[in-house]
Amino acid sequence: MTNSLDFIGDIHGHCEELRVLLKKLGYVESAGAFRYPGGARSVVFLGDYVDRGPRVRETLNLVRAMRDAGSAVALMGNHEFNMLSFWQRNGAGGGHFLSRFKDGFLREHSFNKVAIHSRTVADFVGRKQEFLDALDFVKTLPLYLETESFRAQHACFDADAIATLRREGITCFADGNFDELIARANDEDFEFEDSLFNPMSTVLKGPEMYLPKGEYFTDAEGVRRVKTRIAWWLDPKKASFSELSFQPGVSMDVKEEVPSEVQARNFYGEEERPVFFGHYWLTGIPKLVRDNVCCLDFSVAGYRGDGRLAAYRFDGEQRLDESKFVWVEAI
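Computed from a predicted structure; not experimentally measured.

Asker: Please provide a residue-by-residue account of the overall build of the protein chain, values included.
Answerer: In terms of regular secondary structure, the protein chain is built from 10 helices and 16 strands. Against the 2.2 N^0.38 benchmark of 20 Å for 331 residues, the protein chain shows a C-alpha radius of gyration of 19 Å, consistent with a compact globule. Once the C-alpha set of the protein chain is aligned to its principal axes, its extents read approximately 55 × 45 × 40 Å. For the protein chain, the proportion of its 331 residues judged to be buried stands at 52%. Summed over its atoms, the accessible surface of the protein chain is roughly 14,900 Å², and 48% of this surface lies on carbon and sulfur atoms. Side chains of the protein chain give 41 positive and 51 negative charges; the mean places of these two sets differ by 3 Å.

Asker: So what about the nonpolar core? Which residues, and what values?
Answerer: Formed by 87 residues in total, the largest nonpolar core has its most connected members in F7, I8, F45, F173 and F276. Each residue touching F45, except ones within four places of it in the same chain, is listed here: I8, I11, L18, V63, M66, A72, V73, A74 and L75. Core analysis: the second largest hydrophobic core is formed by 10 residues, M209, F241, L244 and V262 among them.

Asker: An account of the pattern of salt bridges is needed here, citing residue identities and associated values.
Answerer: Summed over all chains, the structure comprises 29 salt bridges. Residue E180 pairs with R184 through a salt bridge whose shortest N-O separation is 3.8 Å. Here R184 and E180 lie together in helix α7 (residues 178–185), a separation of 4 residues that amounts to about one turn. The exposure class assigned to R184 is buried, which follows from its relative accessible area of 8%. Of the charged contacts in the structure, one is a salt bridge between R319 and E271, with a shortest N-O distance of 3.3 Å. Of the two residues, R319 is situated in the loop between β15 (308–314) and β16 (325–329) and E271 in the loop between α10 (260–263) and β12 (275–277); the sequence distance between them amounts to 48 residues. When its relative accessible area of 38% is taken as the criterion, R319 is described as partly exposed. Take E271: its relative accessible area is 68%, and that puts it in the exposed class.

Asker: Give me the lowdown on the side chain of H12, citing residues and values where you can.
Answerer: As for its placement among the helices and strands, H12 is situated in the loop between β1 (5–8) and α1 (15–24). Among the polar contacts made by the side chain of H12, one reaches the main-chain carbonyl oxygen of V50 at a distance of 2.8 Å.

Asker: Before we move on, can you summarise the side chain of D235 with the specific residues and values?
Answerer: Considering the arrangement of structural elements, one finds D235 in the loop between β11 (227–229) and α9 (241–244). For D235, the side chain forms a polar contact with the main-chain nitrogen of K237, separated by 3.0 Å.

Asker: Provide a residue-level description of the sheet that holds strand β6 (residues 144–146), including the pertinent values.
Answerer: What links the strands of a sheet is backbone hydrogen bonding, and the strands pair in either a parallel or an antiparallel sense. Read across the open sheet, the 4 strands follow the order β6-β7-β12-β13; overall the sheet is mixed. In the strand order of this sheet, the two ends are held by β6 and β13 (293–295), each with one partner. Within the sheet, the average angular offset between the axes of one strand and its neighbour, ignoring direction, is 10°. Direction of pairing for strand β7 (residues 151–153) relative to β12: parallel, over a ladder of 2 bridges.

Asker: So what's going on with helix α2 (residues 56–69)? Residues and values would help.
Answerer: Along an α-helix, a turn takes 3.6 residues, which lines up residues three or four apart on a common side. Compared with an ideal rise of 1.5 Å per residue, which puts 14 residues at 20 Å, α2 spans 20 Å between its outermost C-alpha atoms and is within 8% of the ideal. Residues of α2 that are buried: V56, T59, L60, L62, V63 and M66. Around the axis of α2, the buried residues are gathered within 165° of arc, so they sit on the same side. The inward-facing, buried residues of α2 contact α1, β3 (33–35), β4 (42–45), β5 (72–74), α4 (111–122) and α5 (128–139). G70 sits one or two residues past α2 and shows a positive phi near 85°.

Asker: Could you give an account of the packing of α2 against α5, with specific residues and numbers?
Answerer: Interaxial distance between α2 and α5 falls to 11 Å at its minimum, and their mutual angle equals 50°. Taken as axis vectors, α2 and α5 run oblique relative to one another. Here α2 and α5 pass one another in a crossing that is left-handed. Residues R57, L60, N61, V63, R64 and R67 of α2 form the contact with α5, whose own contacting residues are E130, D133, A134 and F137. Its residues assigned to classes, the contact of α2 with α5 comprises 4 nonpolar, 1 polar and 5 charged.

Asker: Talk me through unusual backbone geometry; I want residue IDs and the actual numbers.
Answerer: Residue A31 is not a glycine yet carries a positive backbone phi of 50°. Here A31 shows up in the loop between β2 (28–30) and β3. The backbone phi angle of R52 is positive, close to 75°, even though this residue is not glycine. Of note, R52 is situated in the loop between β4 and α2.

About the criteria used
- Residues numbered from 1 in each chain as written.
- Predicted model: local features only at pLDDT ≥ 70, side-chain atom pairs only at ≥ 80, totals over all residues.
- Heavy atoms only, no water.
- Helix = DSSP H or I, 4+ residues; strand = E, 2+ residues; numbered from the N terminus.
- Rg over C-alpha atoms; globule rule 2.2 N^0.38 Å.
- Buried < 20%, exposed > 50% of the residue type's maximum accessible area, 1.4 Å probe, protein only.
- Areas by Shrake-Rupley, 256 points an atom, 1.4 Å probe, with all protein chains shown as cover.
- Lys, Arg positive; Asp, Glu negative; His and termini not counted.
- Charge placed at Lys NZ, Arg CZ, Asp CG, Glu CD.
- Core = buried A, V, L, I, M, F, W, Y, C linked by side-chain atoms within 4.5 Å.
- Contact = heavy atoms within 4.5 Å.
- Salt bridge = Lys/Arg side-chain N within 4 Å of Asp/Glu carboxyl O.
- Polar contact = N/O pair within 3.5 Å; in protein donor to acceptor, adjacent residues only side chain to side chain.
- Pairing = 2+ DSSP bridges.
- Axes fitted to C-alpha atoms, helices over the stretch in contact; angles between N-to-C directions.
- Expected span 1.5 Å × (residues − 1).
- Arc of directions from axis to C-beta.
- Parallel < 35°, antiparallel > 145°, perpendicular 65-115°, else oblique.
- Left-handed = near helix turned anticlockwise from the far one by under 90°.
- Nonpolar A, V, L, I, M, F, W, Y, C, P; charged D, E, K, R; others polar.

Rendered as structure tokens:
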């Protein structure tokens, strides 16, 4: 893999913005896929193609066409994982049956979950086989990408989580028995000794810590939360609770000590190779988190309608350059 790469963050069905961004980056649509002239560059998509936006089916088709043409690598996001779980029957294939799921599937069919997934389903009405093909495509999406020059995944690069996945021989949900693998990834209560909940959740959703008793916040979709996402590139032994909390747009004025189990976590050091990810709903003009930490989710699907679809043009540099962001406004 070359180092001439364009990392693109969460798309969430905003295919029109994706097309504009690819053209701005110099990609040309030919023979059914966007390609960089002469194959001099390629894209790394960081996951979350489905849900929320108006053109999910078209987004998946565009990403898949680029993947199949060799002009892109497409990683899995937590929304693709959620989609697979939403349609997977609990105990399918005669494998693990998880008692925490009461309605027959590995993702609860609550009002909130159905509402989030409704845009995706609506875009495939009358196209059942195409939707089933899309599920099969999603199963093939790698969970992470690592070279000598960079690391990339949807949410968090955690050495322990990646080591576990490697030890298990898992690069995507098409590795081995899917029914068994998706159940293991959803085994949050560790009902079975081979649970993969921790590494899968860490890579796709990022680590979290509980708020002090009685504290909570309400997210953009109206869900009451008692856990906050962790800034996994900070040393948890040296950061305050508020500094370690990474919930853009939410004030975390918490005076409590960081829980001991969180302080014991490893973190992504300043001397590590650059890492690229999405997931965290940043706002404003794209900028670096740190000179080796680059989040590319700038809320193109945000409810306020003022987000951006962002890319970073990477050429192997080990200290990232903020001037190499490229973005388009939400349409």
